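# Fold and geometry: a report
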Amino acid sequence: MSLDHEAIRKAYPSAVTIDDSTGAFDASGNKISLTQSDIDAARVTLDAEAAAILYQSQRTGAAGTTDTIYASVGDQLDMQYKDAVNGTTTWKDHVAAVKAKYPKP
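As the structure is a computational prediction, the values presented were derived from the model and not from experiment.

Take the sheet that holds strand β1 (residues 17-19) next. Judged by pairing direction, the sheet is antiparallel, and its three strands sit side by side in the order β1-β2-β3 without closing on themselves. A strand with exactly one partner marks an edge of an open sheet, and here the two such strands are β1 and β3 (31-32). Where β1 meets strand β2 (residues 23-25), three bridges bridge the pair, whose relative direction is antiparallel. By the bridge assignment, D19 is partnered in β2 with G23.

Pasting the structure below:
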């Protein structure tokens, strides 16, 4: 049996030791009674948190993406100024392209 250690630690913060064959234990060595629905709910939360971090890092290029990422703040301000002067939508188009490629999870 293989336990989801990360989800167990999220669902049961008092868990200090987790062993796939014997279960989870607190700091005093007392066995923690694990409930699969609690572990599953913790896994859903952990997956959502990871997706949010990935989404943010993709939009900024921190995830290693180099195409369709937000330009620097200075470049975006420059786009906004030029759009106002020229009547164009360069900045809105830029933001829309990034949001389309990396939608919120």
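Next comes the rest of the write-up.
Before going further, it helps to spend a moment on the packing of helix α3 (residues 73-86) against helix α4 (residues 90-101). Relative orientation of the contacting elements α3 and α4 amounts to 135°, with a least axis distance of 7 Å. Classed by the angle they form, the pair α3 and α4 counts as oblique. Taking contact as the criterion, the partners of Q76, M79, Q80 and D83 in α3 are, on α4, T90, W91, K92, H94 and V95. Residue composition of the contact of α3 with α4, by class: three nonpolar, four polar and two charged.

End to end, helix α2 (residues 36-60) covers 36 Å across 25 residues, agreeing with the expected 36 Å (1.5 Å per residue, within 8%). Listed as buried for α2 are I39, A42, L46, Y55, S57 and R59. Buried positions along α2 lie against α1 (5-11) and α4.

On to the nonpolar core, then. With 11 residues, the main nonpolar core is built from L3, A7, I8, Y12, A15, I18, A24, I32, I39, A42 and L46. Secondary structure elements with two or more residues in this core: α1 and α2. With three residues, the single largest contributor to this core is α2. If we ignore the near neighbours within four places in the chain, the residues touching A42 are A7, K10 and A11.

Here is what the cut-offs are and how they apply
- Residues numbered from 1 in each chain as written.
- Predicted model: local features only at pLDDT ≥ 70, side-chain atom pairs only at ≥ 80, totals over all residues.
- Heavy atoms only, no water.
- Pairing = 2+ DSSP bridges.
- Helix = DSSP H or I, 4+ residues; strand = E, 2+ residues; numbered from the N terminus.
- Axes fitted to C-alpha atoms, helices over the stretch in contact; angles between N-to-C directions.
- Parallel < 35°, antiparallel > 145°, perpendicular 65-115°, else oblique.
- Contact = heavy atoms within 4.5 Å.
- Nonpolar A, V, L, I, M, F, W, Y, C, P; charged D, E, K, R; others polar.
- Expected span 1.5 Å × (residues − 1).
- Buried < 20%, exposed > 50% of the residue type's maximum accessible area, 1.4 Å probe, protein only.
- Core = buried A, V, L, I, M, F, W, Y, C linked by side-chain atoms within 4.5 Å.

Any functional reading would require information beyond the geometric quantities listed.
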